[in-house]
Amino acid sequence: MKVPPGLLAVIDMQHVFADPVSPWAAPRYTEAAAGVRRLLPAFASRTVFTRFVAPAHPTGAWRAYYDSWPFALQPPDAELWRLTDDFAQQAEVVLDSPTFGKWTPEVAALAAQHGRLVLAGVSTDCCVLSTALPAADAGIEVLVVADACAGADDDSHAKALHLLDLYRPLIRVTTTAELLS
């Protein structure tokens, strides 16, 4: 197996997005998880997992957001915010953020060490997109692994991938097979 360069950021592979009855379920979570599992051995210690968590006290526009999604105002240790079991046991580095974008100072520092950011996870049309754009603006090469991501629905996933691919060469959409070949 080829060992691709870069930091793998696995975005928000959590119960809230995996559970089919959740209002935030990503219908293709299972397929994205399979793609992530294929990537993990190639990146080993160069992997970071992220979790979207609700803030204790939403401010600004986030207040209106959580007025629409009150079920999500739960503490970081709530079941819905946990990584799904297949990833919880493998995740050595887990970073929490109350924002869609996971381009935090910690992720930026890790990506800078490795020169490239490889993104997988959910949802393509929200947190993956919101992470890719500021990373590219910061000058980091970004690869989005299409078959290791899932969107709010198939159409939103496809549209987000199309939009991300417009940012070539800063952002490139790829597949697990291409990346690992």
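Look up: the structure comes first, before these words.
As the structure is a computational prediction, the values presented were derived from the model and not from experiment.

(A) Highlighting the overall build of the protein chain. When helices and strands are counted, the protein chain shows 8 helices and 6 strands. In terms of overall size, the protein chain behaves like a compact globule, its C-alpha atoms giving a radius of gyration of 15 Å where 181 residues would be expected to give roughly 16 Å. Counting only C-alpha atoms, the protein chain reaches 45 × 30 × 30 Å along its principal axes. Looking at the 181 residues of the protein chain, the share that counts as buried comes to 49%.

(B) Representation of a nonpolar patch on the surface in the model. A cluster of nonpolar side chains, contributed by Leu163, Leu166, Tyr167 and Leu170, occupies part of the molecular surface with about 360 Å² of accessible area. Mapped onto the secondary structure, Tyr167 falls in the loop between α7 (154-165) and β6 (171-174). Classification of Tyr167 by relative accessible area gives partly exposed; the value is 35%.

(C) Looking closely at the packing of aromatic side chains. Following the criterion strictly, the structure yields 16 aromatic pairs and no others. Aromatic side chains Trp24 and Phe71 sit 5.1 Å apart centroid to centroid with 70° between the ring planes, which places their arrangement in the edge-to-face category. Placement of the pair is Trp24 in the loop between α1 (15-18) and α2 (29-43) and Phe71 in the loop between α3 (61-68) and α4 (85-88), with a sequence separation of 47 residues. With a centroid separation of 5.1 Å and an interplanar angle of 90°, the aromatic rings of Tyr65 and Tyr66 are classed as edge-to-face. Judged by its relative accessible area of 2%, Tyr66 is buried.

(D) Layout of the nonpolar core. One finds Leu8, Met13, Tyr29, Val36, Leu39, Trp81 and Phe87 to be the most contacted residues of the largest nonpolar core, which totals 36 residues. Contributions of two or more residues to this core are made by β1 (7-11), α1, α2, β2 (47-52), β4 (116-122), β5 (141-150) and α8 (176-180). The biggest single contributor to this core is α2, with 8 residues. Dropping the residues within four chain positions of it, Leu39 is found in contact with Leu8, Ala120, Val145, Ala148, Thr176, Leu179 and Leu180. Counting residues in each nonpolar core, the second largest holds 23 residues, with Val107, Ala132, Val144 and Ile171 among its members.

(E) View of the sheet that holds β5. Overall, parallel pairing links the 6 strands, which are arranged β3-β2-β1-β4-β5-β6 in an open sheet. The open sheet terminates on both sides in strands that have one partner only, identified here as β3 (94-97) and β6. Going from strand to strand, the sheet's axes swing by 25° on average, the running direction of each strand aside. Looking at chain direction, β5 and β6 are connected through 4 bridges and run parallel.

(F) Just the packing of helix α6 (residues 124-137) against α7, in detail. Two elements in contact, α6 and α7, have axes whose closest approach is 9 Å; the angle formed by their N-to-C orientations is 15°. Judged on the interaxial angle alone, α7 and α6 are roughly parallel. Between α6 and α7 lies a crossing of right-handed hand. Each of Thr124, Asp125, Leu129 and Ala132 in α6 lies in contact with α7, whose residues at this interface are Ser156, His157, Ala160, Leu161, Leu163 and Leu164. Considering only residue class, the contact of α6 with α7 consists of 6 nonpolar, 3 polar and 1 charged.

What counts and how
- Residues numbered from 1 in each chain as written.
- Predicted model: local features only at pLDDT ≥ 70, side-chain atom pairs only at ≥ 80, totals over all residues.
- Heavy atoms only, no water.
- Helix = DSSP H or I, 4+ residues; strand = E, 2+ residues; numbered from the N terminus.
- Rg over C-alpha atoms; globule rule 2.2 N^0.38 Å.
- Buried < 20%, exposed > 50% of the residue type's maximum accessible area, 1.4 Å probe, protein only.
- Patch = residues over 30% accessible without salt bridge, like charges linked within 9 Å, V, L, I, M, F, W, Y side chains within 5 Å.
- Areas by Shrake-Rupley, 256 points an atom, 1.4 Å probe, with all protein chains shown as cover.
- Salt bridge = Lys/Arg side-chain N within 4 Å of Asp/Glu carboxyl O.
- Phe/Tyr/Trp six-rings, centres within 6.5 Å; stacked < 30°, edge-to-face > 60°.
- Core = buried A, V, L, I, M, F, W, Y, C linked by side-chain atoms within 4.5 Å.
- Contact = heavy atoms within 4.5 Å.
- Pairing = 2+ DSSP bridges.
- Axes fitted to C-alpha atoms, helices over the stretch in contact; angles between N-to-C directions.
- Parallel < 35°, antiparallel > 145°, perpendicular 65-115°, else oblique.
- Left-handed = near helix turned anticlockwise from the far one by under 90°.
- Nonpolar A, V, L, I, M, F, W, Y, C, P; charged D, E, K, R; others polar.

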